[in-house]
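One-letter residues, chain by chain:
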Amino acid sequence: MMDFLIVVAIVLAYLLDLCVGDPIHWPHPVVGFGRLIAGGEKRWNNGAHRLLKGACLAVGLIVGTGLFFGALMWLGRSVHPVLEAVLVFVFFFYGIANRTLVHEGRMVFQALDRQGLDAGRVQLSRIVGRDTSQLTPQQIRTAVLETMAENLSDGVVAPVFWFLVGGIPGMMAYKMVNTLDSMIGYKNDRYLLFGRVAARIDDVANYLPARITALLMALVTFSVRALQFIVKFGRLHSSPNSGFPEAALAGILNVRFGGPNVYHGILVEKPFIGIHARDIVNNDFRVAAYVNHAVCLVMVLLALVFQFV
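Definitions and limits used
- Residues numbered from 1 in each chain as written.
- Predicted model: local features only at pLDDT ≥ 70, side-chain atom pairs only at ≥ 80, totals over all residues.
- Heavy atoms only, no water.
- Helix = DSSP H or I, 4+ residues; strand = E, 2+ residues; numbered from the N terminus.
- Rg over C-alpha atoms; globule rule 2.2 N^0.38 Å.
- Buried < 20%, exposed > 50% of the residue type's maximum accessible area, 1.4 Å probe, protein only.
- Core = buried A, V, L, I, M, F, W, Y, C linked by side-chain atoms within 4.5 Å.
- Contact = heavy atoms within 4.5 Å.
- Arc of directions from axis to C-beta.
- Polar contact = N/O pair within 3.5 Å; in protein donor to acceptor, adjacent residues only side chain to side chain.
- pLDDT = per-residue confidence, 0-100.
- Axes fitted to C-alpha atoms, helices over the stretch in contact; angles between N-to-C directions.
- Parallel < 35°, antiparallel > 145°, perpendicular 65-115°, else oblique.
- Left-handed = near helix turned anticlockwise from the far one by under 90°.
- Nonpolar A, V, L, I, M, F, W, Y, C, P; charged D, E, K, R; others polar.
- Phe/Tyr/Trp six-rings, centres within 6.5 Å; stacked < 30°, edge-to-face > 60°.
- Lys NZ or Arg CZ within 6 Å of the ring centre and 35° of its normal.
- Salt bridge = Lys/Arg side-chain N within 4 Å of Asp/Glu carboxyl O.

Quick word on the overall build of the protein chain
In step 1: When helices and strands are tallied, the protein chain shows 12 helices and two strands.
In step 2: Ordered by position in the sequence, the α and β elements of the protein chain form the string α-α-α-α-α-α-α-α-α-α-α-β-β-α.
In step 3: Taken over the C-alpha trace, the protein chain has a radius of gyration of 19 Å; the compact-globule value for 309 residues is 19 Å, and the two agree within 12%.
In step 4: Taken along its principal axes, the extent of the C-alpha atoms in the protein chain is 60 × 50 × 40 Å.

So this is what it looks like as structure tokens:
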């Protein structure tokens, strides 16, 4: 009976994400995570021992998140199986971010096509960390597809992977890891020391999910070229993980990603991923959206199967 309730909870959470994504005005645990990180950063990212203080903040928040949600799930299980299933439904829904990722990418393409270059740049700035003010239409479309590939791992596959490993506590602890990296995991003067451990933890947490993501992307499209690109280009990215799903999508679409971009005022020379430097077209986005939805469905199905194994 409990397995059945958890299965229902996962299915409903997946369907809810598919229908509404992350509505702006709904409460979200990641917002709370962000406030905790911002408060800790403001208090401790100064003076001496920044590396140690940043490490303590990162480890403390990650472990604390796992313990908090572990206690919450234990309480739900103790009170009634239905309450535990409700908690799984709520936090599994908050743990995946597939529809929002696809929607935000679509909004950039639409803004670029309907409102022009400036609107496309502004819309893109919502989802990327690079400077968008000087990007060409081709660079904007490329950035969308790169982000969709990378965030398919961070926002879908990795959370479900850690759900398989540690249930809702594992999933939420991963979301804290990912939030830490997105807020303080930068190689600039402010965060180079304070965010170093958070960035390394994120690299470790995403090591397997990134490679699983790339493999699933190739499988759902039956793309041999994607597999070839994963092997050839996956390790060229400056990130130990981001290059693998990007290489897979580059292979699926037969396009070229990467190249120089400005991040927080610093020019970063990123290696090229792929061979064919053709223009990105709207159909490429439709293929990428299919890949995201298909991979998300596969991961949810794995989560369902796991309940009976």
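What to know about unusual backbone geometry
In step 1: Even without being a glycine, Phe222 presents a positive backbone phi close to 55 degrees.
In step 2: With respect to the element layout, Phe222 can be found in the loop between α9 (207-221) and α10 (224-233).
In step 3: One non-glycine residue, Asn254, adopts positive backbone phi at about 55 degrees.
In step 4: Along the chain, Asn254 falls in the loop between α11 (243-253) and β1 (257-263).
In step 5: The class of Asn254 is partly exposed, set by a relative accessible area of 23%.

Some points on the nonpolar core
If you look at soluble globular proteins, the nonpolar side chains tend to sit buried side by side.
In step 1: The biggest cluster of nonpolar side chains holds 87 residues, and the ones touching the most others in it are Ile10, Phe92, Ile168, Leu180 and Met217.
In step 2: The element contributing the most residues to this core is helix α7 (residues 137-184), with 21 residues.
In step 3: Residues contacting Phe92, with those up to four places away along its chain left out, are Ile10, Ala13, Val160, Phe163, Ile168, Met171 and Val300.

Quick notes on helix α8 (residues 196-205)
In step 1: Those residues of α8 that sit buried are Ala198, Ala199, Asp202 and Ala205. Around the axis of α8, the buried residues are gathered within 125 degrees of arc, so they sit on the same side.
In step 2: Contact partners of the buried residues in α8: α3 (50-79), α7 and α9.

Focus on the side chain of His28
In step 1: Here His28 is to be found in the loop between α1 (2-20) and α2 (29-44).
In step 2: When its relative accessible area of 18% is taken as the criterion, His28 is described as buried.
In step 3: A polar contact is formed between the side chain of His28 and the backbone nitrogen of Val30, at a distance of 3.1 Å.
In step 4: For His28, the residues in contact, after removing those within four places along its chain, are Asp22 and Tyr94.

Re the confidence of the model for the protein chain
In step 1: For the protein chain, the mean per-residue pLDDT works out to 93, and 96% of the residues sit at or above 70.
In step 2: Highest mean pLDDT in the protein chain belongs to α9 (98); lowest belongs to β1 (71).

Observations concerning the packing of α2 against α7
In step 1: α7 packs onto α2 with a crossing angle of 50 degrees between their chain directions and a minimal axis gap of 10 Å. For the element pair α2 / α7, the angle class is oblique. In this structure, α2 crosses over α7, and the sense of that crossing is right-handed. Listed contacts from α7 to Pro29, Val30, Phe33, Gly34, Leu36, Ile37, Ala38 and Glu41 of α2 are Met172, Lys175, Met176, Thr179, Leu180, Met183 and Ile184.
In step 2: Its residues assigned to classes, the contact of α2 with α7 comprises 11 nonpolar, two polar and two charged.

Some remarks on the packing of aromatic side chains
In step 1: Counted under the stated rule, the structure contains nine aromatic pairs.
In step 2: Centroid distance Phe161 to Trp162: 5.2 Å. Interplanar angle 90 degrees. Geometry classified as edge-to-face.
In step 3: One aromatic cluster is present, formed by Trp26, Phe93 and Tyr94 through successive ring pairs.
In step 4: Its end group placed over the ring of Tyr207, Arg211 keeps NZ or CZ at 3.6 Å from the ring centre.

A few points about the pattern of salt bridges
In step 1: Under the criterion given, the structure shown has seven salt bridges.
In step 2: With a closest N to O distance of 4.0 Å, Arg200 and Asp203 form a salt bridge. Of this pair, Arg200 and Asp203 both sit in helix α8, separated by three residues, roughly a single helical turn.
In step 3: Judged by its relative accessible area of 45%, Arg200 falls in the partly exposed class.
In step 4: Assessed through its relative accessible area of 22%, Asp203 is described here as partly exposed.

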